[in-house]
Amino acid sequence: LQLVESGGGLVQPGGSLRLSCAASGSTLENYNIGWFRQAPGKAREGVSCISSSGSNTNYADSVKDRFTISRDSAKSTVYLQMNSLRPEDTAVYYCAAIYTTNQAMCIMTQLSPYWGQGTQVTVSS
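Source: prediction; values computed, not measured.

1. Here we look at the packing of aromatic side chains
By the definition in use, this model includes four aromatic pairs. Arranged with centres 6.0 Å apart and planes meeting at 80 degrees, the rings of Tyr31 and Tyr114 form a pair that is edge-to-face. Here Tyr31 is found in strand E4 (residues 31-38), whereas its partner Tyr114 is found in strand E10 (residues 114-115), with 83 residues between them in sequence. Exposure remark for Tyr31: the relative accessible area of 9% places this residue in the buried category. Between Tyr94 and Trp115, the ring centres sit 6.5 Å apart and the planes meet at 75 degrees, which makes this aromatic pair edge-to-face. Within this pair, whereas Tyr94 is found in strand E9 (residues 91-99), its partner Trp115 is found in strand E10, the two being separated by 21 residues in sequence. Its relative accessible area of 16% is what places Tyr94 among the buried residues. Ring pairing ties together the aromatic residues Tyr31, Tyr99 and Tyr114, which thus form one cluster. The ring of Tyr79 has Arg18 sitting right over it, with the charged end atom 4.1 Å from the ring centre. One cation-aromatic arrangement involves Arg44 over Trp115; the distance from NZ or CZ to the ring centre is 3.8 Å.

2. A few points about the nonpolar core
What tends to happen in soluble globular proteins is that the nonpolar side chains get buried as a cluster. Ranked by size, the top nonpolar core spans 28 residues in total, and within it Trp35, Phe67, Val78, Leu80, Met82 and Tyr93 carry the most contacts. Mapped by element, the contributors of at least two residues to this core are strand E3 (17-24), E4, strand E5 (45-50), strand E7 (67-72), strand E8 (77-82), E9 and strand E11 (119-123). When neighbours within four sequence positions are excluded, Phe67 is seen to be in contact with Arg37, Val47, Tyr59, Leu80, Gln81, Met82, Asn83, Leu85, Asp89 and Tyr93.

3. Section: the state of the cysteines
Evaluated as defined, the whole model comprises two disulfides. Paired through a disulfide, Cys21 and Cys95 show a sulfur-sulfur distance of 2.1 Å. Judged by the sign of its S-S torsion, about 75 degrees, the cystine formed by Cys21 and Cys95 is right-handed. Remark: Cys95 occurs in strand E9 and Cys21 occurs in strand E3; sequence separation between them is 74 residues. Its relative accessible area of 0% is what places Cys95 among the buried residues.

Parameters and conventions
Residues numbered from 1 in each chain as written. Predicted model: local features only at pLDDT ≥ 70, side-chain atom pairs only at ≥ 80, totals over all residues. Heavy atoms only, no water. Phe/Tyr/Trp six-rings, centres within 6.5 Å; stacked < 30°, edge-to-face > 60°. Helix = DSSP H or I, 4+ residues; strand = E, 2+ residues; numbered from the N terminus. Buried < 20%, exposed > 50% of the residue type's maximum accessible area, 1.4 Å probe, protein only. Lys NZ or Arg CZ within 6 Å of the ring centre and 35° of its normal. Core = buried A, V, L, I, M, F, W, Y, C linked by side-chain atoms within 4.5 Å. Contact = heavy atoms within 4.5 Å. Disulfide = S-S within 2.5 Å.

Encoded structure:
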């Protein structure tokens, strides 16, 4: 399984971006997907997750009500819609996958074995 993120860029405060995490080499069926971010000088942190079934999602408090995670099984792609962006959202964003037979599992774990290369999001005026 390989993951490739896209959709990052420079956006003004209050703006929106949609990140994509596309899989190749395997479908994302039976994979819990998490989004993480790492700002300069800071530890990588969990942002959101979605269960393999898509029925369960979770968000870090800092992005709740602004970010929305979703998945398109047919395209083996997971999205992170980011609205009302703030300068403190500036970071490299990564998606990560962990195999599970629990279709309801939604966790943001740094122990995920599969990671993308990251996409830069910069929020600045």
